[in-house]
Amino acid sequence: MIFDGKTVAAKILQTLEEENAALRETYGRVPCLGVVLVGEDYGSVRYVASCERNAKRAGLDCKVVRLPENSREEEVLSVIRSLNEDKDVDGILVQMPLPKHISQERIVQTIRPEKDVDGVTDANVSQLWKQRRNDYSLFCVSCTPRSVMRILKEADIDLDGKNAVVIGRSNIVGMPVSKLLMNENATVTVCHSHTKELPAILRKADIIVAAIGKPKFVGADMVREGAVVVDVGINTDPATGKMCGDVDTDAVADRCRLITPVPGGVGQLTICSLMENTMDCFKRLRHG
Ligand code: NAD
């Protein structure tokens with residue numbers, strides 16, 4: 001089965017829209033996402049435009065602060081501090097990558113943890129590793145790992161006792177997704193660029209989450225019959241110039257119980273998770 005991200009995303013946005021209409025009745029306003037975009041990186045500009053479009057579909061407010069590429073670090077920090085204080089802003093997303101002269105770490109750690117919609121502050125990372133349940137009312141988790149878990153839930157995949165293999169150990173995808181899978185009682189193996197015998201490890205996996213950044217890296221010889229494959233990668237296929245994932249979908253799909261396509265899979269849901277995280281921040285700021 002090929003996962004239909006577009007349909008599931010539409011359903012999530014519809015639910016959010018209904019919930020937001022109710023919040024407007026109760027609180028006189030809807031949750032607001034503040035986005036900080038520094039410079040004009042092509043991918044970032046497109047992603048932020050997509051945030052605005054999807055916030056509208058979900059009935060959320062979205063306020064984008066655009067700063068020039070040559071902004072000083074102090075100017076960016078000052079924007080974040082004012083969003084931290086702004087009572088009408090519930091979530092803050094700083095679009096990465098930042099220009100090289102700006103410290104990503106200093107920027108990220110300035111975000112108020114209660115408004116940290118991408119779960120990147122130390123406070124939220126620490127909560128993720130402490131909590132034994134995936135209760136997103138307690139802490140913010142990065143949008144992509146949250147969307148991976150949503151896909152598995154939508155597809156009714158029971159994770160208890162299953163062998164899950166995550167390829168990639170980044171702070172934004174591989175590491176958080178491995179903890180979320182563990183919280184669902186999967187037995188998790190995290191692989192990375194130094195892992196030996198990767199195909200053999202993957203062939204034992206019930207669930208594979210690929211977050212590598214290498215086009216069509218996971219081939220048919222690495223996936224066992226009946227496996228669930230979640231492809232997080234966003235790459236350009238050197239042969240066609242088209243977008244592709246980390247998995248060779250054409251070669252692998254037949255043997256999978258479920259596979260997510262690129263485009264049309266994880267990416268569709270990541271933006272929904274961003275909206276859900278904003279909603280959760282709104283509620284947490286009001287009810288603790
Ligand atoms: P990253 O570069 O930070 O991490 C890549 C990871 O892959 C590293 O941990 C590295 O050890 C591992 N790796 C590299 N080569 C490997 C190999 N030969 N064998 C095994 N492991 C290997 O990347 P990231 O930010 O985690 O993103 C990964 C991919 O996911 C990228 O294609 C990115 O564009 C995509 N992505 C998609 C979304 C989405 O919403 N769909 C969000 C974030 C990232």
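Residues numbered from 1 in each chain as written. Predicted model: local features only at pLDDT ≥ 70, side-chain atom pairs only at ≥ 80, totals over all residues. Heavy atoms only, no water.

**Student:** Honestly, a negative patch on the surface in this entry has me stumped. Any pointers?
**Tutor:** On the surface, a cluster of negative charge is contributed by Asp156, Asp158, Asp160 and Glu184. Relative to the elements of secondary structure, Asp160 occurs in the loop between α6 (143-154) and β4 (163-167). (Patch = residues over 30% accessible without salt bridge, like charges linked within 9 Å, V, L, I, M, F, W, Y side chains within 5 Å. Areas by Shrake-Rupley, 256 points an atom, 1.4 Å probe, with all protein chains shown as cover. Salt bridge = Lys/Arg side-chain N within 4 Å of Asp/Glu carboxyl O. Lys, Arg positive; Asp, Glu negative; His and termini not counted. Charge placed at Lys NZ, Arg CZ, Asp CG, Glu CD. Helix = DSSP H or I, 4+ residues; strand = E, 2+ residues; numbered from the N terminus.)

**Student:** Please clarify how the nonpolar core should be interpreted in this entry.
**Tutor:** If you look at soluble globular proteins, the nonpolar side chains tend to sit buried side by side. Grouped together as the largest cluster of nonpolar side chains are 54 residues, with contacts concentrated most on Val148, Leu152, Leu159, Leu181, Val209, Leu274 and Met275. Looking at which element gives the most residues to this core, the answer is helix α10 (residues 266-287), with nine residues. Taken together, domain 1 (27-121) and domain 2 (141-267) each give at least three residues to this core, which thus spans both. Residues within four places of Leu274 in sequence aside, it is in contact with Leu33, Tyr47, Cys51, Leu93, Val117 and Cys143. Core analysis: the next-biggest nonpolar cluster, separate from the first, contains 18 residues, Ala205, Val218, Val252 and Cys256 among them. (Core = buried A, V, L, I, M, F, W, Y, C linked by side-chain atoms within 4.5 Å. Buried < 20%, exposed > 50% of the residue type's maximum accessible area, 1.4 Å probe, protein only. Domains from an automatic or database assignment. Contact = heavy atoms within 4.5 Å.)

**Student:** Where do I start with the pairing of strand β1 (residues 32-38) in this structure?
**Tutor:** It is a general feature of regular strands that their side chains alternate between the two faces of the sheet. Of all seven residues that make up β1, seven are buried, and the element is covered over most of its length. Burial of β1 is two-sided: the residues Cys32, Gly34, Val36 and Val38 facing one way and the residues Leu33, Val35 and Leu37 facing the other way are all buried. Two elements, β1 and strand β2 (residues 61-67), share seven bridges in a ladder whose sense is parallel. Along β2, the bridge assignment pairs Val38 with Leu67. Direction of pairing for β1 relative to strand β3 (residues 91-94): parallel, over a ladder of four bridges. Across the sheet, residue Leu33 finds its bridge partner in β3, namely Gly91. (Pairing = 2+ DSSP bridges.)

**Student:** Help me out: how do you make sense of the packing of aromatic side chains in this one?
**Tutor:** For any pair of aromatic rings, the description consists of the separation of the ring centres together with the inter-plane angle of the planes. For the structure shown, the criterion picks out one aromatic pair. Sitting over the ring of Tyr27, Arg286 keeps its end group 5.8 Å from the ring centre. (Phe/Tyr/Trp six-rings, centres within 6.5 Å; stacked < 30°, edge-to-face > 60°. Lys NZ or Arg CZ within 6 Å of the ring centre and 35° of its normal.)

**Student:** Would you mind going over unusual backbone geometry with me for this structure?
**Tutor:** Across residues other than glycine, the phi torsion is negative in most instances, and most of the peptide bonds are trans. Note the cis peptide between Met96 and Pro97, where omega equals 0°. Relative to the assigned elements, Pro97 resides in the loop between β3 and α4 (104-110). In this chain, Val262 is followed by Pro263 through a cis amide linkage whose omega measures 0°. Positive phi, normally seen in glycine, also occurs at Asp156, with a value near 60°. Following the sequence through the fold, Asp156 ends up in the loop between α6 and β4. Its relative accessible area of 63% is what places Asp156 among the exposed residues.

**Student:** Even after reading the chapter, I still don't get helix α7 (residues 174-183), so can you show me in this structure?
**Tutor:** Since the α-helix advances by 3.6 residues per turn, residues separated by three or four positions end up pointing in the same direction. Of all 10 residues that make up α7, eight are buried, and the element is covered over most of its length. All buried positions along α7 are accounted for by Gly174, Pro176, Val177, Ser178, Lys179, Leu180, Leu181 and Asn183. Of the surrounding secondary structure, the elements contacted by the buried residues of α7 are α5 (122-130), α6, β4, β5 (187-191) and β6 (207-210). One or two residues past the end of α7 sits Asn185, with phi positive at roughly 70°.

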